[in-house]
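Residue-level structure breakdown
So the chains spell out like this:
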Amino acid sequence: NVQPFKKGPDYIDPSWLTAASGNNCRNLDAFMMGGKRLLRRFETASPGSDIVIIEGNMGLYDGIDRNGKGSSAHLSRLLKTPVVLVVNTARMSRSIAALVRGYQDFEPDTEIQGVILNNVSGERHASKLTDAIERYCRIPVLGTIPKNAYLNISERHLGLVPFRESESGNTIIKRISDITARYLDLDGILSVARNAREYPVKR
């Protein structure tokens, strides 16, 4: 039983997250909702779920001001949630370690507990990337997603086409599900979730 959340006032991505999970996706936005209302939203929607997944937006540390307020990292610290960082690895090998270390060190109290590598060119590329991260960053690689045009969802000027307007939404979700089940370390991801700091949800 997965409870999805989406950072920000976005309504398009939540349409896909709702369809994929079977539960209504909730929005979390520190700027528009304020801290107390955001916490109440998280507390009331989470009980009864086996896992809570929050999709960030933009870069991990991109916020509304120079201090990063309202960023995905700020939200993770507020809710005491670990971060699984998704990185586009196109045309990159050992440099991935420098990039991930930069994310780890930028605001060290942000708990980056694993990395998913996206746009991986093949097994050799995946091996080089994984070796660099595990050697220099000391966190696990929780998946290596290959370049695959079939994973794309159609876009327009506002972003993704909403699920209800997509003619092949269920087919796309099934395709993504099959690919991620094959290439993600689902047990590792669940372990990250289980080891998250306890959050005192009100019932």
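The structure we're discussing is the one just above.
Below, the structure is looked at part by part. (Residues numbered from 1 in each chain as written. Predicted model: local features only at pLDDT ≥ 70, side-chain atom pairs only at ≥ 80, totals over all residues. Heavy atoms only, no water.)

1. Quick word on the nonpolar core
Nonpolar side chains in soluble globular proteins tend to end up buried together. Cut-off, in case you're wondering: To qualify as a nonpolar core, a set must consist of buried Ala, Val, Leu, Ile, Met, Phe, Trp, Tyr and Cys residues joined through side-chain atoms within 4.5 Å. Burial classification: accessible surface area is computed with a 1.4 Å probe over protein chains only, and a residue below 20% of its type maximum counts as buried, one above 50% as exposed, and the rest as partly exposed. Put simply, DSSP marks the helices as runs of H or I at least four residues long and the strands as runs of E at least two long, and each gets a number from the N terminus on. Note on definitions: a residue-residue contact is assigned when non-hydrogen atoms from the two residues lie within 4.5 Å.
One finds Ile96, Val100, Leu117 and Ile133 to be the most contacted residues of the largest nonpolar core, which totals 20 residues. Residue assignment for this core shows that the elements contributing at least two residues are strand 4 (83-88), helix 5 (95-106), strand 5 (112-120) and helix 6 (123-136). Every residue in contact with Ile96, bar those within four places of it in the chain, is listed here: Val87, Thr89, Leu117, Leu129, Ala132 and Ile133. Residues Phe5, Leu28, Leu38 and Leu75 belong to the second largest nonpolar core, which totals seven residues.

2. Examining the packing of aromatic side chains
The criterion, for reference: Any two rings among Phe, Tyr and Trp, with Trp reduced to its six-membered ring, count as a pair given centres within 6.5 Å; such a pair is stacked if its planes are under 30 degrees apart, edge-to-face if over 60, and tilted if neither.
Summed over all chains, the structure comprises three aromatic pairs. Both rings, one in Tyr61 and one in Phe106, keep their centres 4.9 Å apart while their planes meet at 55 degrees; by these two values the pair is tilted. Highlighted residues: Tyr61 in the loop between strand 3 (51-55) and helix 4 (72-79) and Phe106 in helix 5, separated in sequence by 45 residues. In this structure an aromatic cluster arises from ring pairing among Tyr61, Tyr103 and Phe106.

3. A closer look at the sheet that holds strand 6 (residues 141-146)
To keep it simple, the criterion reads: Two strands qualify as a pair provided DSSP detects at least 2 bridges between them. Interaxial angle, 0 to 180 degrees, is taken between N-to-C directions of lines fitted to C-alpha atoms, where a helix line uses only the stretch in contact.
If you walk across this open sheet you meet the three strands as 4-5-6, and the pairing is parallel. Here the strands that pair on one side only, and so sit at the sheet edges, are strand 4 and strand 6. Direction aside, neighbouring strands of the sheet carry axes that sit 20 degrees apart on average. Relative to strand 5, strand 4 runs parallel, the two being bridged by six bridges. In the strand pairing of strand 5, Val86 is matched with Ile116.

4. Overview of unusual backbone geometry
Trans peptide bonds make up the majority, and among non-glycine residues the majority have a negative phi. Here Met58, not a glycine, exhibits a phi torsion of approximately 55 degrees, which is positive. Relative to the helices and strands, Met58 resides in the loop between strand 3 and helix 4. When its relative accessible area of 71% is taken as the criterion, Met58 is described as exposed. Residue Asn119 is not a glycine yet carries a positive backbone phi of 60 degrees. Relative to the helices and strands, Asn119 resides in strand 5. What makes Asn119 partly exposed here is its relative accessible area of 25%.

5. What about helix 7 (residues 169-183)?
Test applied: What a helix is expected to span follows from its residue count: subtract one and scale by 1.5 Å. Directions pointing from the helix axis toward each C-beta atom define the arc.
The terminal C-alpha atoms of helix 7, which comprises 15 residues, lie 21 Å apart, in line with the 21 Å expected from a rise of 1.5 Å per residue. Listing the buried residues of helix 7 in full gives Gly169, Ile172, Ile173 and Ile179. Seen along its axis, helix 7 keeps its buried residues to an arc of 130 degrees; they face one direction. Seen from the open side of helix 7, the exposed residues pointing more than 90 degrees away from its buried face are Asn170 and Arg182.

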